Amino acid sequence: AQSVTQLDSQVPVFEEAPVELRCNYSSSVSVYLFWYVQYPNQGLQLLLKYLSGSTLVKGINGFEAEFNKSQTSFHLRKPSVHISDTAEYFCAVRPSNDYKLSFGAGTTVTVRA
Amino acid sequence: KAGVTQTPRYLIKTRGQQVTLSCSPISGHRSVSWYQQTPGQGLQFLFEYFSETQRNKGNFPGRFSGRQFSNSRSEMNVSTLELGDSALYLCASSLEQGFGGEKLFFGSGTQLSVL
């Protein structure tokens, strides 16, 4: 079985400052990794994904994440946030031999002017 | 192309009642999955339907059930509601069974409050 831990439940950040959201996972098999964003009163949207290849993946809205197999991490970063980035962010993992997604508990990012 | 549509958007029920939630997938999508989202717990997988058959099930009690119709629309039912069932219920659709993650499209959810 796999599990996902998002290390920060709340991240306040000022506009134009960088942000990093931490995600660690555990799994006995290789995994695929995802970050989703949920804006207020909306469903989840896929931000980016790691399936294979380069460990640095770029997603929508200027976000990127780096897969670190040795540290079993998949941290999400953005060099300069906007007010519109205020949302909840979910890390998710799927084992390569299955298709069930496991989600972390989420990180709420609040961007202030 | 219309997205995933969930109705109703909000529901208020009392303990012991039952509730039915509806999900219309993106046109052409045949797989529908349901998730329960609660603060601090993230999303918990309920079940997945494909071609009117439940293909996978999460760790929820039998009070949670669902079905899928021939047009791929899906309903989820919760009987004998408990306070702890208060949550946002999300539906996600995909073209085929088993596209976990990269090809899932989520609806905006139904917010259920149990009083």
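Just above, that's the structure.
Residues numbered from 1 in each chain as written. Chains lettered and ligands numbered in written order. Predicted model: local features only at pLDDT ≥ 70, side-chain atom pairs only at ≥ 80, totals over all residues. Heavy atoms only, no water.

> What should I look at first to understand the pairing of strand 10 (residues 87–95) of chain A in this one?
The side chains of a regular strand alternate between the sheet's two faces. All names here are of chain A. Among the nine residues of strand 10, eight are classified as buried, and the element is accordingly described as predominantly covered. Sheet analysis places strand 5 (residues 31–38) next to strand 10, joined by eight bridges and oriented antiparallel. Bridge pairing links Val-37 to Tyr-89 in strand 10. For strand 10 and strand 12 (residues 107–112), the ladder comprises three bridges, and the chain directions are antiparallel. By the bridge assignment, Glu-88 is partnered in strand 12 with Thr-108. Pairing analysis gives two bridges linking strand 10 to strand 11 (residues 102–103), with the strands arranged antiparallel. (Buried < 20%, exposed > 50% of the residue type's maximum accessible area, 1.4 Å probe, protein only. Helix = DSSP H or I, 4+ residues; strand = E, 2+ residues; numbered from the N terminus. Pairing = 2+ DSSP bridges.)

> Could you clarify how one ought to interpret the packing of aromatic side chains in this entry?
The final tally for this structure, using the stated rule, is 12 aromatic pairs over all chains. Pairing A:Tyr36 with A:Phe103 gives two aromatic rings, centres 5.7 Å apart and planes at 50°, and the pair type is tilted. One end of the pair, A:Tyr36, is in strand 5; the other, A:Phe103, is in strand 11, and 67 residues separate them in sequence. A ring pair is formed by B:Phe60 and B:Phe64, whose centres lie 5.2 Å apart and whose planes are at 65°; its orientation type is edge-to-face. We classify B:Phe60 as buried; its relative accessible area is 17%. On the basis of relative accessible area, B:Phe64 is assigned to the buried category, the value being 3%. The rings of A:Tyr36, A:Phe90, A:Phe103, B:Tyr35, B:Phe45 and B:Phe106 are connected pair by pair, giving a single aromatic cluster. Across from the ring centre of B:Tyr10, 5.1 Å away, lies the NZ or CZ of B:Arg9, which sits over that ring. (Phe/Tyr/Trp six-rings, centres within 6.5 Å; stacked < 30°, edge-to-face > 60°. Lys NZ or Arg CZ within 6 Å of the ring centre and 35° of its normal.)

> What is the right way to read the state of the cysteines from this model?
Here, the word disulfide means a covalent bond between the sulfur atoms of two cysteines. On inspection of all chains with the given rule, the structure shows two disulfides over all chains. Residue pairing for A:Cys23: its cysteine sulfur links by disulfide to A:Cys91, the two sulfurs lying 2.0 Å apart. Residues A:Cys23 and A:Cys91 are joined by a disulfide whose S-S torsion is about -65°; by sign, that bridge is left-handed. Of the two residues, A:Cys23 is situated in strand 4 (residues 23–26) and A:Cys91 in strand 10; the sequence distance between them amounts to 68 residues. As far as the burial class goes, A:Cys23 and A:Cys91 line up, both buried. Residue B:Cys23 pairs covalently with B:Cys91 via a disulfide, S to S 1.7 Å. The sign of the -55° torsion about the S-S bond sets the B:Cys23-B:Cys91 disulfide as left-handed. (Disulfide = S-S within 2.5 Å.)

> It is not clear to me how the nonpolar core should be interpreted in this structure. Could you clarify?
Note that soluble globular proteins tend to have their nonpolar side chains buried in a common cluster. With 28 residues, the main nonpolar core has A:Trp35, A:Leu48, A:Phe74, A:Leu76 and A:Tyr89 as its most contacted residues. Leave out the neighbours within four places in its chain, and A:Tyr89 touches A:Gln6, A:Leu21, A:Trp35, A:Tyr36, A:Val37, A:Leu47, A:Phe63, A:Leu76, A:Gly106, A:Thr107 and A:Val109. Grouped together as the second largest cluster of nonpolar side chains are 21 residues, B:Leu21, B:Val32, B:Phe60 and B:Phe64 included. (Core = buried A, V, L, I, M, F, W, Y, C linked by side-chain atoms within 4.5 Å. Contact = heavy atoms within 4.5 Å.)

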